[in-house]
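Here are the chains, one letter per residue:
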Amino acid sequence: DLLVMGTHGRSGIARLFMGSVTEAVVARSSVPVLALRQPARRIRRVLAPVNFADYSDAGLVYAAALAAALRARLTALYVREAGANDGDPLLRLNERLLRLPGKPALPEAPAAKVRQGHPAAEIAREAVEHDLVVLTAHSKGLLRDALLGTTVERVLRASPAPVLAVPSVGPRRTSPPPLLEAVA
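Starting from 1, residues in each chain are numbered consecutively following that chain's sequence as written. Whole-chain, interface and lining totals are the exception, using all residues; otherwise, since this is a predicted model, local features are given only for residues with pLDDT of at least 70 and side-chain atom pairs are given and counted only at 80 or more. Working from all heavy atoms in the structure, the side-chain values ignore hydrogens and water.

Caption draft 1: Inspection of unusual backbone geometry at higher detail. Although it is not a glycine, Phe52 adopts a positive phi angle of roughly 75 degrees. Here Phe52 shows up in the loop between strand 3 (45–50) and helix 3 (57–70). Taking relative accessible area as the criterion, Phe52 reaches 10% and is therefore assigned buried. A positive phi angle, close to 55 degrees, is found at Arg71, a residue other than glycine. Numbering of helices and strands runs from the N terminus; a helix is a DSSP stretch of H or I covering at least four residues, while a strand is a stretch of E covering at least two. Mapped onto the elements of the fold, Arg71 is located in the loop between helix 3 and strand 4 (73–80). Relative accessible area decides the class of each residue, using a 1.4 Å probe on protein chains only: under 20% of the type maximum gives buried, over 50% gives exposed, and in between gives partly exposed.

Caption draft 2: Spatial organisation of the pairing of strand 2 (residues 33–36). Judged by which residues are buried, strand 2 turns out to be covered on both faces: Val33 and Ala35 on one side and Leu34 and Leu36 on the other are all buried. Two strands pair when backbone bridges link them, and strand 1 (residues 3–6) and strand 2 are joined in this way by four bridges, in the parallel orientation. For Met5, the partnering residue across the bridge sits in strand 2 and is Ala35. By the bridge criterion, three bridges tie strand 2 to strand 7 (residues 163–167) in an arrangement that is antiparallel. Residue pairing for strand 7: Leu34 is matched across the bridge by Leu164. Any two strands between which DSSP finds at least two bridges are classified as paired.

The following block contains the structure:
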């Protein structure tokens, strides 16, 4: 139901020559992968980056269910890239939070944040204030992923907090994940 792996967070030349086993597993896994850079600690704040694509809802659902099970605060984050014409992202983010399936019993109302900039960099900046980042691992095509890397890969390298990568494969989730139902 879940893979838990340590990661060095290598970048640059070290990553080029040694690769990243964790990134490779995240890219190919059909189950969520939790990547830890440091020893585990109590999770009080969960960050759920979303981009308004249907596939990103899987990460938000996992994040909400996990936050409810752990009695942690949930923050949904949307990063607006320069020149984006995406209406009112804060309104759209709050609508997504109101439509969470299963209505998770969160200890407090989830927060919604919008930042401007490059998604992976802004997610990593926001992760400083959180104990866990939960986002959807989604491929944008073999060539593009190989050349640019996915957002999840870039967040894995930069996030000071553990990262739970939820695969976007399979049917869209309409209820909390089975693993988290057992915990709740």
